[in-house]
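Structure at a glance
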Amino acid sequence: FSYSFSTQNNETTVAITNNGDSDVMLTGAINASYGNVAVVNDSQGDGTGNIYSTERTITTRNLVARATGDIGSSTGALTTSLIQWSGVSGTILHPELTLTAGGDLYANITGLDRDDNDDEQFRARVRDLTGAGTVDIRFNSVEQISTSTSSASVLLQAVSVDKAVDITANTASGNDFA
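All residue numbers refer to positions counted from 1 along the written sequence of the respective chain. Selection of residues for local features in this predicted model requires a pLDDT of at least 70, selection of side-chain atom pairs for listing and counting requires 80 or more, and totals for whole chains, interfaces and linings are taken over all residues. No hydrogens and no water enter the side-chain calculation; it runs on all heavy atoms of the structure.

What to know about the nonpolar core
We apply this condition: In these notes, a set of buried Ala, Val, Leu, Ile, Met, Phe, Trp, Tyr and Cys residues joined through side-chain atoms within 4.5 Å is what counts as a nonpolar core. Think of it in three bands: residues with accessible area under 20% of the maximum for their type are buried, residues over 50% are exposed, and the middle band is partly exposed, with areas taken using a 1.4 Å probe on protein chains only. Note on conventions: DSSP H or I runs of at least 4 residues are helices, E runs of at least 2 residues are strands, and numbering of each starts at the N terminus. Here, residues are in contact when the closest pair of their heavy atoms is within 4.5 Å.
With 28 residues, the main nonpolar core has I51, L63, I71, L78, L97, L99 and I137 as its most contacted residues. Among the elements of the structure, strand 2 (24-26), strand 3 (30-41), strand 5 (57-67), strand 6 (78-86), strand 8 (96-101), strand 9 (105-113), strand 10 (122-131) and strand 11 (135-144) are those that each provide at least two residues to this core. The contact partners of L97, leaving out residues within four places of it in the chain, are L63, L82, I109, R125, V126, R127, D128, L129 and F139.

Printed below as a string of structure tokens:
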């Protein structure tokens, strides 16, 4: 008799897509810690096409949120924890973020560092931040979930806004988005 098992973390994809004339309301936590989350609202109805959140957290390595209307609101930002972790081969897998709104964009982003590589800092790649209205993005501290004491940075590849911009990096204990 012999057996084997795998201890690797498999990537999970959670995809929420709305093509109807309505909004997407996220009322519970989404946990795809080692994977990808895509929330897309391509609604073309009047006053619809929004992605709203009740302050629940999306926990993932990669997030894509795209809406023809707003993402989040001034009273309920889209709250996300982006995770960096070590893959099976020991390679550090950095998180990626894409937020594209045809209206306002409100997001609250926190980093979770789950790799055990003391030499590797937390890095999140922001592929796109686009909003046609108010853009209010909060990059909060990185929480260390391993023995590492790394620092953090964010690579901004594209930021596109048509109105006021408020991008804030909160500072605390040296492990912050920069």
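Concerning the environment of T60
Here is the rule we go by: Pairs of N or O atoms are called polar contacts if they sit within 3.5 Å, as long as, within protein, a hydrogen donor faces a hydrogen acceptor (for residues adjacent in sequence, only side-chain-to-side-chain pairs).
Take T60: it is sitting in strand 5. Distance in space between the C-alpha atoms of T60 and G111 is 10.0 Å, their sequence separation being 51 residues. When sequence neighbours within four positions are dropped, the list of residues in contact with T60 reads A32, S33, G35, N36, V37, S81, L82 and I83. A polar side-chain atom of T60 sits 2.9 Å from the main-chain carbonyl oxygen of G35.

A look at the packing of aromatic side chains
Heads up, the rule is: Centres within 6.5 Å are what make two rings of Phe, Tyr or Trp a pair, Trp counting through its six-membered ring; a difference in plane orientation under 30 degrees is then read as stacked, over 60 as edge-to-face, and the rest as tilted.
Within this structure, the stated rule accounts for one aromatic pair. On the basis of an interplanar angle of 85° and a centroid distance of 4.7 Å, the ring pair of Y34 and W85 is categorised as edge-to-face. Here W85 lies in strand 6 and Y34 lies in strand 3, a separation of 51 residues in the sequence. Classification of Y34 as partly exposed rests on a relative accessible area of 24%. Its relative accessible area of 4% is what places W85 among the buried residues.

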